[in-house]
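Remarks on the overall topology
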Amino acid sequence: MIKNFNEVVTDLKQKGTIFGAEYRKKNGEVTKINGRFGVAKFVKGTGVSNPNVLTVWDNNRKRYTSLIPDNIVSVTTSGTKYVKSDEFLIVSYE
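Since the model is a prediction, treat every value here as computed from it, not as a measurement.

Another point: the side chain of Ser-74. By the element assignment, Ser-74 lies in strand E6 (residues 72-77). Those residues in contact with Ser-74 that sit more than four places away from it in its chain are Gly-20, Ala-21, Glu-22, Lys-81, Tyr-82, Val-83 and Lys-84.

Structure representation (structure tokens):
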């Protein structure tokens, strides 16, 4: 099964589901995040988010993290891993 990357992100945003993601940092290092969209508890209202960046609450670090969509390697949610390949995520069950 193949899903569009934007479909997966929209689904995660609507449901507020906790997910895991692997992404490539600016220095080239691949790191993991365990987070979710839609957390507003610690929003101060002082910053403006770039519309080309995904802002995620990182459950492990207890802070907001901005992810550049092009740098996301994979997304895991509800036991399903979506590996990014161009604009599509290929489903692999773990």
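After that view, the rundown keeps rolling.
Here the idea is simple: oppositely charged side chains can pair when their charged atoms come close. Counting across every chain of the model gives three salt bridges. Between Glu-29 and Lys-25 there is a salt bridge, and its shortest N-O distance comes to 3.6 Å. Looking at Glu-29, the relative accessible area reads 41%, which means it is partly exposed. According to the relative accessible area criterion, Lys-25 is partly exposed, its value standing at 33%.

All told, the structure shown has two aromatic pairs when counted by the stated rule. A centroid spacing of 5.4 Å and a plane angle of 25° characterise the contact between Phe-19 and Phe-37, whose relative ring orientation is stacked. Placement of the pair is Phe-19 in strand E2 (residues 19-24) and Phe-37 in the loop between strand E3 (30-36) and strand E4 (54-58), with a sequence separation of 18 residues. In this pair, the class of Phe-19 matches that of Phe-37, namely buried. Judged by centre distance (4.9 Å) and plane angle (75°), the rings of Trp-57 and Tyr-64 are edge-to-face. A relative accessible area of 9% places Trp-57 in the buried class. A relative accessible area of 27% places Tyr-64 in the partly exposed class. Here Lys-13 stacks its cationic end above the ring of Phe-37, 5.5 Å away from the centre of that ring. Here the basic side chain of Lys-84 rests over the ring of Phe-5, its NZ or CZ set 4.4 Å away from the ring centre.

The backbone of Lys-62 shows a phi angle near 55°, a positive value even though the residue is not glycine. In this fold, Lys-62 is placed in the loop between E4 and strand E5 (63-67). Unusually for a residue other than glycine, Ser-78 sits at a positive phi of about 50°. On the secondary structure map, Ser-78 appears in the loop between E6 and strand E7 (80-85).

This part takes up empty space enclosed by the protein. Scanning the model with the defined rule gives one cavity of 30 Å³ or more in all. Of the pockets and cavities examined, the largest cavity occupies roughly 60 Å³. The element best represented in the lining of the largest cavity is helix H1 (residues 5-15), accounting for four residues. Of the residues in the lining of the largest cavity, the class split is 11 nonpolar, no polar and no charged.

Cut-offs used in this document
- Chains are numbered independently. Their residues run from 1 in the order of the written sequence.
- Given that the model is predicted, a residue must reach a pLDDT of at least 70 before its local features are reported, and side-chain atom pairs must reach 80 or more before they are shown or counted; all residues, however, enter totals for whole chains, interfaces and linings.
- Heavy atoms throughout the structure, all of them, feed into the side-chain values; hydrogens and water do not.
- By definition, any uninterrupted DSSP run of H or I lasting at least four residues is a helix, any uninterrupted run of E lasting at least two residues is a strand, and each is numbered from the N terminus.
- Note on contacts: a residue pair qualifies if any of its non-hydrogen atoms lie within 4.5 Å across the two residues.
- Salt bridge, as applied in this entry: a Lys or Arg side-chain nitrogen positioned within 4 Å of an Asp or Glu carboxyl oxygen.
- Using a 1.4 Å probe on the protein chains alone, a residue whose accessible area is under 20% of its type maximum counts as buried, one over 50% counts as exposed, and one in between counts as partly exposed.
- Within 6.5 Å between ring centres, the rings of Phe, Tyr and Trp (the latter by its six-membered ring) count as paired, and their orientation is classed by plane angle as stacked under 30 degrees, edge-to-face over 60, tilted in between.
- Over a ring means this: the NZ of a Lys or the CZ of an Arg is within 6 Å of the ring centre and within 35 degrees of the ring normal.
- Think of a 1 Å grid over just the protein atoms. A cavity is a set of points where a 1.4 Å probe fits yet cannot get out, a pocket is an open set with protein on both sides within 12 Å along at least five of seven lines, and lining residues have an atom within 4 Å of a point.
- Grid points are joined across faces, edges and corners, and a volume is the space filled by probe spheres set on the points.
- Three classes are used: nonpolar for Ala, Val, Leu, Ile, Met, Phe, Trp, Tyr, Cys and Pro, charged for Asp, Glu, Lys and Arg, and polar for all others, with Gly counted as polar.

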